[in-house]
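# Structure assessment
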Amino acid sequence: MHNKLTPHPDLPIDLPTAERIAKAVEHYGESTVVDHSVALMRGKNAGKDFLLYVGGRHALGILEGAPALYWPELWGARALLHVWNDSAAPYVVVGLNNEAWRIREMCAKVVLLRGLDVAPKLVKATTDEVPRVRVASLNALAVQGREQDIPTIVVRLRDPDKDVRRAAQQARDAIITRLDLPKE
């Protein structure tokens, strides 16, 4: 007896993420995909098939009994890079404070892509313990940071991580250019 799940052959579990999400939209409709993605971000069950759409082959492991950890939440957030409506915004903002760093990072990427105006929360995330979260937050701040955010960004120019330092420099320069501030 084996516990291997055999997904329906119509489920596109081996396609790249963007293509799987597009197939999910064809199957469920855009609004439902957003709603199910938010449900996953909230730790809710959105159904086995939907989990396979957003998680692909990796979701099989969870459905076969592997610990879910934060993966379904992450996949829900990642799906919002490909499908969107404004009802998801509050959950993305909450995700910036998730205990799992991968979710915090992904939510910062969604903030950047979707233009969610949450600069104060992004400023806070520039001190995250995980460099990838700091980088994603700085990238989003480059687009929406305010003049008063520059001193916090400048502190990251001395970050121990070189990718954070690079993102901080780019964010500072982008804000100065966008706001037509004098170069220091």
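Per an unreviewed UniProt entry, the protein carries the name HEAT repeat domain-containing protein and comes from Cryobacterium adonitolivorans.

Further remarks concern the overall build of the protein. A count of helices and strands for the protein gives 11 helices and zero strands. Starting at the N terminus and walking to the C terminus, you meet the elements of the protein as α-α-α-α-α-α-α-α-α-α-α. Taking the principal axes of its C-alpha atoms as reference, the protein extends roughly 65 × 30 × 25 Å. By residue count, 46% of the 184 residues in the protein fall in the buried class. Contacts spanning at least 24 positions in sequence make up 63% of the contacts within the protein whose residues lie at least 6 apart. As displayed, the protein has an accessible area near 10000 Å², and 52% of this comes from carbon and sulfur atoms. Seen as two clouds, the 25 positive and the 23 negative side-chain charges of the protein have centres 4 Å apart.

This paragraph deals with the environment of L69. Its place among the elements puts L69 in the loop between α4 (57-63) and α5 (71-79). Note: C-alpha distance between L69 and H82 (13 residues apart in sequence) is 23 Å.

Further remarks concern the packing of α5 against helix α7 (residues 101-114). One way to put it is that α5 packs onto α7 with a least axis distance of 9 Å and a crossing angle of 5°. With respect to their mutual orientation, α5 and α7 come out roughly parallel. Where α5 approaches α7, its residues W71, E73, L74, A77 and R78 are matched on the opposing element by R102, I103, M106, C107 and V110. For the contact of α5 with α7, the class distribution of residues is seven nonpolar, no polar and three charged.

Attention shifts here to the side chain of D159. Here D159 shows up in the loop between α10 (150-155) and α11 (162-178). D159 gets classed as buried once you look at its relative accessible area, which sits at 2%. Separated by 3.0 Å, the side chains of D159 and R156 make a polar contact. Dropping the residues within four chain positions of it, D159 is found in contact with R134, V164 and R165.

Think of it this way: side chains of opposite charge can pair up when their charged atoms draw near. For the coordinates displayed, the defined rule picks out nine salt bridges. In this structure, R132 and E105 form a salt bridge, with 3.1 Å as the shortest nitrogen-oxygen distance. Of the two residues, R132 is situated in helix α9 (residues 131-144) and E105 in helix α7; the sequence distance between them amounts to 27 residues. A salt bridge links D159 to R134; the nearest nitrogen and oxygen atoms lie 2.9 Å apart. Here R134 lies in helix α9 and D159 lies in the loop between α10 and α11, a separation of 25 residues in the sequence. Each of the salt bridges in this network shares a partner with another, and the network as a whole consists of E105, K109 and R132.

So, about the nonpolar core. Counting residues in hydrophobic clusters, the biggest one holds 57 residues, and the most contacted among them are L80, W84, V92 and V111. Among all residues touching V92, those that are not within four sequence positions of it are M41, L80, W84, C107, V110, V111 and L116.

With that settled, the discussion passes to helix α3 (residues 48-55). Extensive coverage of α3 is indicated by the burial of six of its eight residues. If you check which residues of α3 are buried, you get F50, L51, L52, Y53, V54 and G55. Backbone geometry just after α3 places G56 at a positive phi near 65°.

Moving on, we come to the packing of α7 against α9. Close contact between α7 and α9 brings their axes to 8 Å; oriented N to C, the two are set at 15°. Between α7 and α9, the angle falls in the class roughly parallel. Where α7 crosses over α9, the two elements pack in a sense that is left-handed. Packed against α7, whose contacting residues are W101, R102, R104, E105, A108, K109, V111 and L112, the element α9 presents R132, V133, A136, S137, N139, A140, V143 and Q144 at the interface. Classifying every residue of the contact of α7 with α9 by side-chain character gives eight nonpolar, three polar and five charged.

Rules and cut-offs
- Residues numbered from 1 in each chain as written.
- Predicted model: local features only at pLDDT ≥ 70, side-chain atom pairs only at ≥ 80, totals over all residues.
- Heavy atoms only, no water.
- Helix = DSSP H or I, 4+ residues; strand = E, 2+ residues; numbered from the N terminus.
- Buried < 20%, exposed > 50% of the residue type's maximum accessible area, 1.4 Å probe, protein only.
- Contact = heavy atoms within 4.5 Å.
- Areas by Shrake-Rupley, 256 points an atom, 1.4 Å probe, with all protein chains shown as cover.
- Lys, Arg positive; Asp, Glu negative; His and termini not counted.
- Charge placed at Lys NZ, Arg CZ, Asp CG, Glu CD.
- Axes fitted to C-alpha atoms, helices over the stretch in contact; angles between N-to-C directions.
- Parallel < 35°, antiparallel > 145°, perpendicular 65-115°, else oblique.
- Nonpolar A, V, L, I, M, F, W, Y, C, P; charged D, E, K, R; others polar.
- Polar contact = N/O pair within 3.5 Å; in protein donor to acceptor, adjacent residues only side chain to side chain.
- Salt bridge = Lys/Arg side-chain N within 4 Å of Asp/Glu carboxyl O.
- Core = buried A, V, L, I, M, F, W, Y, C linked by side-chain atoms within 4.5 Å.
- Left-handed = near helix turned anticlockwise from the far one by under 90°.

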